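Here's the letter readout for the chains.
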Amino acid sequence: MQRRDLLRAGLVATTGFGLAEVTAGPAAAAEPRRTPLRVHTVLYDGVEEQDFAGPIAVFGVNADHIKQTFVTADGPRTVTTAIGMEIVVRDSWDPRSADVLMVPGGGLGEGSATYREISRGVLPKALAAARRPGLIMASVCAGTLLLSAARITAGRSCTTHHAAKQELKKQGGKVVDGRVVDAGDLVTCGGVTSGLDLALWLTERFHGPQAALFAEKVIEYERRGTVWRRPS
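Residues numbered from 1 in each chain as written. Predicted model: local features only at pLDDT ≥ 70, side-chain atom pairs only at ≥ 80, totals over all residues. Heavy atoms only, no water.

An unreviewed UniProt entry lists the protein chain under the name DJ-1/PfpI family protein, with Nonomuraea mangrovi as the source organism.

Colleague: What should I look at first to understand the environment of Phe 214 in this one?
Modeller: In this fold, Phe 214 is placed in helix α9 (residues 209-219). The class of Phe 214 is buried, set by a relative accessible area of 1%. (Helix = DSSP H or I, 4+ residues; strand = E, 2+ residues; numbered from the N terminus. Buried < 20%, exposed > 50% of the residue type's maximum accessible area, 1.4 Å probe, protein only.)

Colleague: Explain the pattern of salt bridges here, please?
Modeller: Any two side chains of opposite charge can pair, given that their charged atoms come close. Enumeration according to the criterion identifies 11 salt bridges in this entry. Residue Arg 38 is joined to Asp 99 by a salt bridge in which the shortest nitrogen-to-oxygen separation is 3.0 Å. Remark: Asp 99 occurs in the loop between β4 (86-89) and β5 (100-103) and Arg 38 occurs in strand β1 (residues 37-42); sequence separation between them is 61 residues. Accessibility expressed as a relative area gives 32% for Arg 38, which makes it partly exposed. The salt bridge partner of Asp 177 is Lys 165, with a shortest N-O separation of 2.9 Å. (Salt bridge = Lys/Arg side-chain N within 4 Å of Asp/Glu carboxyl O.)

Colleague: What is the right way to look at the sheet that holds strand β6 (residues 136-140) in this model?
Modeller: Whenever strands of a sheet pair, they do so through backbone hydrogen bonds, lying parallel or antiparallel. Taken in spatial order, the seven strands of this open sheet run β2-β1-β5-β6-β10-β9-β11, and their pairing is mixed. Both edges of this open sheet fall to β2 (66-71) and β11 (227-229), since each of them pairs with a single strand only. Neighbouring strand axes in the sheet, compared pairwise and without regard to direction, differ in orientation by 20° on average. On the sheet, helix α3 (residues 49-61) packs against β1, β2, β5 and β6 and is oriented at approximately 155° with respect to β2. This element, helix α8 (residues 194-207), spans β1, β2, β5, β6, β9 (180-182), β10 (186-189) and β11 of the sheet and lies at about 150° to β10. (Pairing = 2+ DSSP bridges. Axes fitted to C-alpha atoms, helices over the stretch in contact; angles between N-to-C directions. Contact = heavy atoms within 4.5 Å.)

Colleague: For this particular structure, what's the right way to read the pairing of β10?
Modeller: Side-chain direction in a regular strand flips from residue to residue, so the side chains alternate between the two faces of the sheet. Neither face of β10 is open: one carries Leu 186 and Thr 188, the other Val 187 and Cys 189, and all of them are buried. Sheet analysis places β6 next to β10, joined by four bridges and oriented parallel. Opposite Ser 139, over in β10, you have Thr 188 as the bridge partner. Looking at chain direction, β9 and β10 are connected through three bridges and run antiparallel. Of the residues in β10, the one forming a bridge with Asp 182 is Val 187. Joining the antiparallel neighbours β9 and β10 is a turn of three residues, in which Gly 184 adopts a positive phi near 90°.

Here is the structure:
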């Protein structure tokens, strides 16, 4: 049995709180999503591990309700992360089959993977072309700069790592000092570990607070900060 499944089973046994309550409990969303939330995580060489590993772990807890896919703008290939870990990406770039396109960061400053991807231009161009009604663009840490390079954050409320906020602002983003900033079809978060909070928020937004609470308990993490939401 995988660790995640063992933890889920243990939580149900000790608290009586199970996945049935995620969609049927009294605290569930008023109109819970009936189909799995399809999250495509965008990887590239030099991507920071924590930026995508945190959200992956959160989404994986509610795997019955959230389907994860890993993609690159170049199509199926092997990606080498910031610390040299090799990840085989088997799925094709297909944003039309996604509900959420999540972009992790690749560090900051000249020579970083983030700036290499911006300079290369392939990923920003693919992100810009992916935009459509119903698709949420999400980013963790410096990943927001990749969305900015695609002109997705211009004039929009957003956030990023504190060291990059001024740059994001100069590029036209309306920077908000929130750990997670939800502007509807654009959801961004601050640095590194805030990816956990972003994933928990998206879990709550689409499947209700009980689903998010269940994920918190399984990974033993309590959310930090405030989720800034665009006024209705």
